[in-house]
Amino acid sequence: MTMITARAHTNIAFLKYWGKKDSNLILPYNDSISLTLNKFYTDTSVEFTSSIKEDEILVDNQPLTGSGLKRAKRVLELIRQKSGIKASAVVHSTNHVPTTAGLASSASAFAALAAAGAKAANLHLTDKELSILARHGSGSASRSIFGGFVQWHAGHDDQSSYAQSIQSPVDWDINLITALVDTAQKKVSSTNGMQAVVETSPFFPAWVKSAQADIEPMKSAILNKNLAKLGAIAENNAMRMHATTFGAVPNFTYFQPQTLAIIEAVRNIRKQGVECYSTVDAGPNVKIICASSDNDLIMEKLEPIMGHNQLLGCKPGPGVTYR
């Protein structure tokens, strides 16, 4: 059969996905909204062949192991069920993004796997169907099927939990600066962190309520191209998500001293009249929401804090493409 290569880009949630109400189907407690980015992506090639007895999955030329392998096999098995193919798959995936550091590498990885695998199996899936398929590998992967601004509907079962486009392409000036504080593997994975918070943090129910209440105001800010409103909602949403980790038993945090220093610096820059806002996913790295015209000024002010670490400017990126 034909080998297909797909490219999917990472996304950063401005309204976070944090907590599963169904771990098997990966159904979230609340809707989320993200922006797909142009800088970070995963290329994945898939070929189904009868020449091997079981799936061979390589990521950055290394065999995939652990929970990642289990989730990848789940996606491939769903493709086989839909297509009627019995053959095993050869998968080669290359991440152009630091893995396990809060930069949504799993989102681009499983979106690319779902897209390449489905097309290699000659399935003609809609974007909605691809989003559902990708969700079985990683919840945030459901959003990386699409470019620009994306909403993931929490849903109540397998077919009602999917992402859809809010705005793509993005036709206004919004930009993201990624401050790479630490790209090492996180001490607490997103999956384990979510589970701990759901089971033990008394702050979690309040988080779900506030996160769902943010959806319509955020969509309005996007459609009205209101950077100040969007940024304020996103910053508050991120801080509330991270507050849940302090209430977990045992408590934990993804923040590092440099993370907090950047968040405070962004607030100070904003007080000086520059529209910029911080957001942080499950990791120490900070993303600064701003207009591209303010990129150089913000980076200059952050450089003394960052030292030799990287500051990367990102713009809105595309949905899945095939190569």
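Everything that follows concerns the structure shown earlier in this document.
Let me begin by describing the structure that accompanies this report.

Rules behind the numbers
- Residues numbered from 1 in each chain as written.
- Predicted model: local features only at pLDDT ≥ 70, side-chain atom pairs only at ≥ 80, totals over all residues.
- Heavy atoms only, no water.
- Buried < 20%, exposed > 50% of the residue type's maximum accessible area, 1.4 Å probe, protein only.
- Helix = DSSP H or I, 4+ residues; strand = E, 2+ residues; numbered from the N terminus.
- Arc of directions from axis to C-beta.
- Contact = heavy atoms within 4.5 Å.
- Salt bridge = Lys/Arg side-chain N within 4 Å of Asp/Glu carboxyl O.
- Phe/Tyr/Trp six-rings, centres within 6.5 Å; stacked < 30°, edge-to-face > 60°.
- Pairing = 2+ DSSP bridges.
- Axes fitted to C-alpha atoms, helices over the stretch in contact; angles between N-to-C directions.
- Parallel < 35°, antiparallel > 145°, perpendicular 65-115°, else oblique.
- Left-handed = near helix turned anticlockwise from the far one by under 90°.
- Nonpolar A, V, L, I, M, F, W, Y, C, P; charged D, E, K, R; others polar.
- Core = buried A, V, L, I, M, F, W, Y, C linked by side-chain atoms within 4.5 Å.

1. A few points about helix α7 (residues 215–223)
Turning to α7, its buried residues are I215, M218, A221 and I222. All buried residues of α7 lie within an arc of 130° about the axis, which places them on one face of the element. With respect to the buried face of α7, the exposed residues turned more than 90 degrees away are E216 and L223. Summarising the contacts, the buried residues of α7 are in contact with β1 (4–15), β4 (32–49), β8 (149–153), β9 (162–167), α6 (204–213) and α8 (227–246).

2. Notes on the pattern of salt bridges
For the structure shown, the criterion picks out ten salt bridges. Across the pair K225 and D171 runs a salt bridge whose closest N-O atoms are separated by 3.4 Å. Taken together, the residues K225 in the loop between α7 and α8 and D171 in the loop between β9 and β10 (175–180) connect sequence positions 54 residues apart. What makes K225 partly exposed here is its relative accessible area of 40%. Overlapping salt bridges, with partners in common, bring together D55, K73, E77 and R80 in one network.

3. Comments concerning the packing of aromatic side chains
Under the definition given, this model contains six aromatic pairs. Ring geometry for F149 and W172: centres 6.0 Å apart, planes at 15°, overall stacked. Residue F149 is found in strand β8, and its partner W172 is found in the loop between β9 and β10; the two are separated by 23 residues along the sequence. Across the pair, W172 and F149 agree in class, each one buried. Relative to Y254, the ring of F252 has its centre 5.6 Å away and its plane inclined at 90°; by these criteria the two rings are edge-to-face. Each member of the pair, F252 as well as Y254, carries the same accessibility label: buried. Joined through ring pairs, the aromatic side chains of F14, F149 and W172 make up one cluster.

4. Observations concerning the pairing of strand β5 (residues 56–59)
Sheet topology places β5 next to strand β7 (residues 88–96); four bridges connect them, and they run parallel. Across the sheet, the residue bridging to E56 is V90, located in β7. With two bridges connecting them, β5 and strand β6 (residues 62–63) associate as antiparallel partners. Each bridged residue has a counterpart across the sheet, and for L58 the counterpart in β6 is P63.

5. Overview of helix α5 (residues 190–200)
Buried within α5 are the following residues: G193, M194 and V197. Across the axial projection of α5, the buried residues extend over an arc of 100°, all falling on one side. The inward-facing, buried residues of α5 contact β2 (20–22), α6 and α8.

6. A few points about the packing of α7 against α8
Running from N to C, α7 and α8 cross one another at 150°; their axes reach a closest spacing of 8 Å. Classified by the interaxial angle, the pair formed by α7 and α8 is roughly antiparallel. Taken as a pair, α7 and α8 cross one another with a handedness that is left-handed. From α7, P217, M218, S220, A221 and I222 reach across to α8, where they touch K229, L230, I233 and A234. Taken together, the residues of the contact of α7 with α8 break down into seven nonpolar, one polar and one charged.

7. Focus: the nonpolar core
Grouped together as the largest cluster of nonpolar side chains are 50 residues, with contacts concentrated most on W18, V46, F48, L113 and L133. Per-element tally for this core: the top contributor is helix α2 (residues 105–120), with nine residues. In contact with L113, not counting residues within four places along its chain, are T44, V46, A72, V75, L76, I79 and V91. Core analysis: the next-biggest nonpolar cluster, separate from the first, contains 26 residues, F40, F149, I166 and V170 among them.

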